[in-house]
Amino acid sequence: GRGAFATRFIPKGGLVAPAPLVHIADKSKTNMYAETKGPTGNIIRDEEKVVHKQIILNYCFGHPNSTLLLFPYSSNVVYINHHSTEYNAKLRWTNDFDFYHHKDWLEKSVDFLE
């Protein structure tokens, strides 16, 4: 993509863009399935045939051993390089907005988020 270019100096570790997170508790919700026509002409999803993933998955953060995905939403976040090895910014938890951040949630299971 084109990326974004800063119009001011951003020191190492500085804030590029604040990004609230939307959680997706079950990443299989991003699956796209093959479709067939039913006997009445209606479209039937074949849940045995995953053919693709929703494009939102490209912008999510997660772990291979977890069903949880975190999607940062902000008009500026999509311009930040999110390549898995050649990144130029990192996502980090805030520590100065306690009224938005619930530290106890870090100890909860994914089921808590559903």
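Reading guide: rules and limits
- Residues numbered from 1 in each chain as written.
- Predicted model: local features only at pLDDT ≥ 70, side-chain atom pairs only at ≥ 80, totals over all residues.
- Heavy atoms only, no water.
- Helix = DSSP H or I, 4+ residues; strand = E, 2+ residues; numbered from the N terminus.
- Buried < 20%, exposed > 50% of the residue type's maximum accessible area, 1.4 Å probe, protein only.
- Contact = heavy atoms within 4.5 Å.
- Areas by Shrake-Rupley, 256 points an atom, 1.4 Å probe, with all protein chains shown as cover.
- Pairing = 2+ DSSP bridges.
- Phe/Tyr/Trp six-rings, centres within 6.5 Å; stacked < 30°, edge-to-face > 60°.
- Lys NZ or Arg CZ within 6 Å of the ring centre and 35° of its normal.
- Salt bridge = Lys/Arg side-chain N within 4 Å of Asp/Glu carboxyl O.

Visitor: Please provide a residue-by-residue account of the overall build of the protein chain, values included.
Guide: Of regular secondary structure, the protein chain possesses zero helices and five strands. Beginning at the N terminus, the succession of helices and strands in the protein chain can be written as β-β-β-β-β. The buried share of the protein chain, reckoned over its 114 residues, is 12%. The long-range fraction of contacts in the protein chain, counting pairs at least 24 apart against all pairs at least 6 apart in sequence, stands at 48%. Summed over all atoms, the accessible surface of the protein chain reaches about 9,900 Å², with 55% contributed by carbon and sulfur.

Visitor: Go over the environment of alanine 89, please, and point to the residues and values.
Guide: Relative to the elements of secondary structure, alanine 89 occurs in the segment after strand 5 (69–72). Here the alpha-carbon distance between alanine 89 and valine 16, two residues 73 residues apart in the chain, equals 7.7 Å.

Visitor: So, the sheet that holds strand 4 (residues 61–62): which residues are in play, and what are the values?
Guide: Strand order in the open sheet formed by three strands is 1-5-4, and the pairing between neighbours is antiparallel. A strand with exactly one partner marks an edge of an open sheet, and here the two such strands are strand 1 (21–24) and strand 4. In the sheet, strand 4 pairs with strand 5 via two bridges, with the strands oriented antiparallel. Looking at strand 5, one finds that glycine 62 is bridged to leucine 69.

Visitor: Go over the pairing of strand 5 with me, naming the residues and quoting the values.
Guide: Summarising the sheet, strand 1 and strand 5 pair through four bridges and their orientation is antiparallel. Across the sheet, isoleucine 24 pairs through a bridge with leucine 69, a residue of strand 5. A loop of six residues connects strand 4 with strand 5, the two strands running antiparallel in sequence.

Visitor: A description of the packing of aromatic side chains should follow, citing residues and the corresponding values.
Guide: Inspection of every chain in the model, using the stated rule, returns zero aromatic pairs. Above the plane of the ring of phenylalanine 112 lies lysine 108, whose end atom (NZ or CZ) is 5.1 Å from the centre.

Visitor: With reference to specific residues and values, describe the pattern of salt bridges.
Guide: Scanning all chains against the criterion turns up one salt bridge. Its salt-bridge partner being arginine 45, residue glutamate 47 comes within 3.0 Å of it at the nearest N-O pair. Judged by relative accessible area, arginine 45 falls into the partly exposed class, the value being 49%.

Visitor: Which residues make up the environment of tyrosine 73, and what values go with them?
Guide: For tyrosine 73, the location among the structural elements is in the segment after strand 5. You can call tyrosine 73 partly exposed: its relative accessible area is 42%. Spatially, the C-alpha atoms of tyrosine 73 and alanine 19 are 5.7 Å apart, while their sequence positions differ by 54 residues. Among all residues touching tyrosine 73, those that are not within four sequence positions of it are Ala19, Pro20, Leu21 and Val22.

What is shown is where atoms sit, not what they do.
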